Amino acid sequence: MGGVTRDEPYDAIVVGSGITGGWAAKELCEKGLKTLVLERGRHVEHGKDYVTEWLQPWQLPHRGRGEQALYERDYAIQSKNYAFGETTRHFFVNDREHPYITPDGQPFRWIRGYQLGGRSLIWGRLCWRWSDLDFGANLRDGHGVDWPIRYKDLAPWYDHVERFVGVSGERLGLAYLPDGDFLPPWELNCAEHAVKRGIEQAFPGRHMTITRVANLTQAHEGRGPCRARNQCARGCSYGGYFSSLSATLPAAQRTGKLTIVTDAIVHSVIYDERTDRATGVRVIDRNTKQTREYAGRLIFLCASTLGTAQILLNSTTPRFATGLANSSGEVGHNLMDHISKAGANGTVPGLEDKYVYGRRPTGTYIPRFRNLGGSREAKVAFLRGYGIQGGAGRDGWSRGADMPGLGADFKRELREPGPWRISLQGYGECLPRHENHVDLDTQRTDQWGIPLLRVQCAWSDNERAIREDVKTQSAEMLEAAGCKDVETYDHDGPPGFSVHEMGTARMGRDPKTSVLNAHNQTHDVPNLFVTDGACMASTSCVNPSLTYMALTARAVAYAVGEVTRGNL
Amino acid sequence: MTSLPPLPTGPASIDRREALRRAALVLGGVLSAPFAAGVLAGCEARGAPEGSWRPRALTPDQAEVVAAIAEQILPETDTPGARAVGVHRFIDALLAESYSAEQRERFVAGLADLGRAFQTSTPDQQRALLERLDHEAAPFFRTLKELTLVGYYTSEIGATRELHHAPVPGRYDGCVPLAQVGRTWAV
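Residues numbered from 1 in each chain as written. Chains lettered and ligands numbered in written order. Predicted model: local features only at pLDDT ≥ 70, side-chain atom pairs only at ≥ 80, totals over all residues.

1. Points about the overall build of chain B
Thinking step 1. Regarding its fold elements, chain B presents 9 helices and 1 strand.
Thinking step 2. Tracing chain B from N to C terminus, the helices and strands come up as α-α-α-α-α-α-α-α-β-α.
Thinking step 3. Relative to its 187 residues, chain B shows a buried fraction of 40%.
Thinking step 4. Across chain B, contacts joining residues at least 24 apart in sequence account for 61% of those joining residues at least 6 apart. (Helix = DSSP H or I, 4+ residues; strand = E, 2+ residues; numbered from the N terminus. Buried ≥ 20, exposed ≤ 12 C-beta atoms within 10 Å, placed from the backbone. Contact = placed C-beta atoms within 7 Å.)

Right, here's the structure in full:
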């Protein structure tokens, strides 16, 4: 992957190499466009640079406990992410080197991976389609602006990306969680089967299934299968899960049309008032801090929800004094994330003679059951809904720390697994609100001279009400399913922590109230597209990456069509 | 339910007798089991053989107290105990490399308190003392117990001989007879 070809202007420049940048690159290259991908972080080579992949527990210098003082000093935010640890730290940013600003007492946890492949290396891999329950939500209840698209617009693109990604899962036939063409699902374990039976019996209309997940249950497109190690965030040289490095960038590379430049921090998009077009991007070299420019005919911003907002806000011109493509004033606004980190857990009685083999890289899912629009549905005091992730397993040796006992008997007891435990965690929708926003600090910059992002985001009563219902319903379902010692929990969960941040350059029908049109094209600058999470006009309650991917592929098809038609 | 693949082969399933035989060969003679187990453990616990290892965060005395208490928590049975796999070395390394100065000082202070009582006691009194602290879930003892478990069950012997470990399972079966796996999974 050379970085010095001067092949300008490129037919297309893609900013970012994460899950949407990878897709944009693949689709653009496969349509014959000479494409430059710019990544702000370091180069990572699939396989070779997964430096912790083969380390066994005893080969980790701190046995998984990591370097706690270092984490507190340099990774105060990142280290709170579930995937951060001794084996994955190198795929997260150093918070001290990459600061941003939040008001006192109002944290926003911005989890980032600045490297080739971005957060696609460390993502949670759940893949759900949205339905018209989601695309119609803003119009129905008046929060945010109406989506300019509906499920029928995106369905063929969900098909398109799922076919390449390889999504395993169970078909449920639910209109509000549309099926795709799935690879065989992962298995539920014995305890999950028991809880599923109990819940579905006690609550007709509710379902418990295995997640739909980008871990390959069989070989697919020359990748995988997944080997059931459940250590995805270390990187997987089997290509057992979908990432830009395992899948999209290699596909783009095979066309011979791709150039990747790493360590290239995009400072701003260059806009030509005379032609009313973006003409390229201005880049700061991460190492030398020198500025240079790249010219391109199409610009795709795939730099993440906050990263893209920062670039647009920092791209000011006489016409766009508050940021490029910001005639609506909505760039940076309507920031959202899912609520999570609340739910319930309990003990599943019995099944002492049963166990599992292998480490399944995913868990269970209870699809949304609130506000589906059914006439017999219980009325609730909040809008929208939530889904519940979960999973069961037998307690292992670590239970011994809180168990009385010493000596040979104690050791013998831990040689056998403990009781089956199950945990449920809700992921709930967040309403779009103008006041949740990011902007640029006027004084402080990072070490590359780029103004620091200020993030102001807080939950509202609706998210808090969802959170309460998640806890109550999770506990009721576990109790109805015969679980013992059922307890609710509610952990610290500030916005950002679900790592589903969205909304800072939303799609919409009206250029006065939205940044992007139905094709992820900015209303203001025809050859500038945004296809990462910034484009989202609402959040649904399901994990968003699959929708970003489908929107990206759809936007590329539109953009290339416009080029062909002579409109761009 | 589907059938299980064969259990892991190779280093992970070398049985104890075979491991001891290999250790004896390496050392050129017949060794007592506890000593050989210690040698085996030493091979994995950060390289240095027992004789040349020096604690960095703890004094040699304090390291000895940690090793002695860890051994009481997870003693040698039909598999080596906490001392033999070098739990005290892991704890010392964690203190030296991972903990902040403040965390380290708090640990050392807790250890000094416990060590004074422990070292002036007879073996029976030591046992009674630890059982009382365990019963009360005394904070420092609770920490030491947890670190002992981490150090032991993430060691190669702890993970592969005391428990079961499959580095690359290859598949997931959600419901198998416990007897087919036999032991707690290490990971």
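2. Remarks on the confidence of the model for chain B
All names here are of chain B.
Thinking step 1. In the predicted model, chain B carries a mean pLDDT of 81, and the fraction of residues at 70 or more is 73%.
Thinking step 2. Contacts from residues 1-45, a stretch scored under 50 in pLDDT, to residues over four places away or in other chains number 53 contacts.
Thinking step 3. The ipTM value of the predicted complex is 0.94, and its pTM value is 0.92. (pLDDT = per-residue confidence, 0-100.)

3. Points about the interface of chain A and chain B
Thinking step 1. Of the residues lining the interface, 42 residues belong to chain A; the matching set on chain B comes to 48 residues.
Thinking step 2. Of all the secondary-structure elements, those providing two or more residues to the side of chain A that touches chain B are α2 (68-74), β9 (354-357) and α9 (407-415) of chain A.
Thinking step 3. Top contributing element to the side of chain A that touches chain B by residue count: α9 of chain A, with 5 residues.
Thinking step 4. Broken down by class, the residue content of the side of chain A that touches chain B amounts to 17 nonpolar, 11 polar and 14 charged.
Thinking step 5. The pairing of β9 of chain A with strand β1 (residues 173-177) of chain B spans 3 bridges and is antiparallel. Bridge assignment links Lys354 of chain A to a residue of β1 of chain B, and that residue is Pro177 of chain B. (Nonpolar A, V, L, I, M, F, W, Y, C, P; charged D, E, K, R; others polar. Pairing = 2+ DSSP bridges.)

4. A closer look at the domain arrangement of chain A
Thinking step 1. Here the domain parsing of chain A yields domain 1 (10-43 + 105-125 + 241-337 + 434-457 + 501-564) and domain 2 (169-211 + 339-428 + 459-490).
Thinking step 2. On a C-alpha basis, the centres of domain 1 of chain A and domain 2 of chain A stand 35 Å from each other. (Domains from an automatic or database assignment.)

5. Considerations on the sheet that holds strand β8 (residues 342-348) of chain A
All names here are of chain A.
Thinking step 1. Ordered by their spatial adjacency, 6 strands build an open sheet running β3-β10-β11-β12-β8-β15, and the pairing between neighbours is antiparallel. In the strand order of this sheet, the two ends are held by β3 (209-210) and β15 (484-490), each with one partner.
Thinking step 2. Pairing geometry for β3 and strand β10 (residues 364-366), over 2 bridges, is antiparallel. Looking at β10, one finds that Ile210 is bridged to Thr364.
Thinking step 3. Together, β8, β11 (386-394), β12 (420-428) and β15 form the strand contacts of helix α10 (residues 461-480), whose direction differs from that of β8 by roughly 10°. (Axes fitted to C-alpha atoms, helices over the stretch in contact; angles between N-to-C directions.)

6. Comments concerning helix α6 (residues 190-202) of chain A
Thinking step 1. The end-to-end C-alpha separation of α6 of chain A is 19 Å, in line with the 18 Å expected for 13 residues at 1.5 Å each.
Thinking step 2. For α6 of chain A, the set of buried residues is Cys190, Ala191, Glu192, Ala194, Val195, Lys196 and Ile199 of chain A. (Expected span 1.5 Å × (residues − 1).)

7. Examining unusual backbone geometry
Residue and element names in this part refer to chain A.
Thinking step 1. Note the cis peptide between Gly224 and Pro225, where omega equals 0°.
Thinking step 2. By secondary structure assignment, the location of Pro225 is in the loop between β3 and α7 (244-254).
Thinking step 3. Phi is positive for Leu351, which is not a glycine, with a value near 60°.
Thinking step 4. Locating Leu351 in the fold gives a position in the loop between β8 and β9.
Thinking step 5. C-beta crowding within 10 Å serves as the criterion here: with 18 such atoms nearby, Leu351 is assigned to the partly exposed category.

8. Some remarks on the pairing of strand β1 (residues 10-15) of chain A
All names here are of chain A.
Thinking step 1. With 5 of 6 residues buried, β1 lies mostly within the body of the structure.
Thinking step 2. Inspection of the sheet shows β1 paired to strand β7 (residues 291-301) by 5 bridges, in the parallel sense. Bridge pairing in β7 places Tyr10 opposite Gly296.
Thinking step 3. Crossover connection from β1 via helix α1 (residues 19-30) to parallel strand β2 (residues 35-38): handedness right-handed. (Right-handed = clockwise from strand over helix to strand, strands pointing away.)

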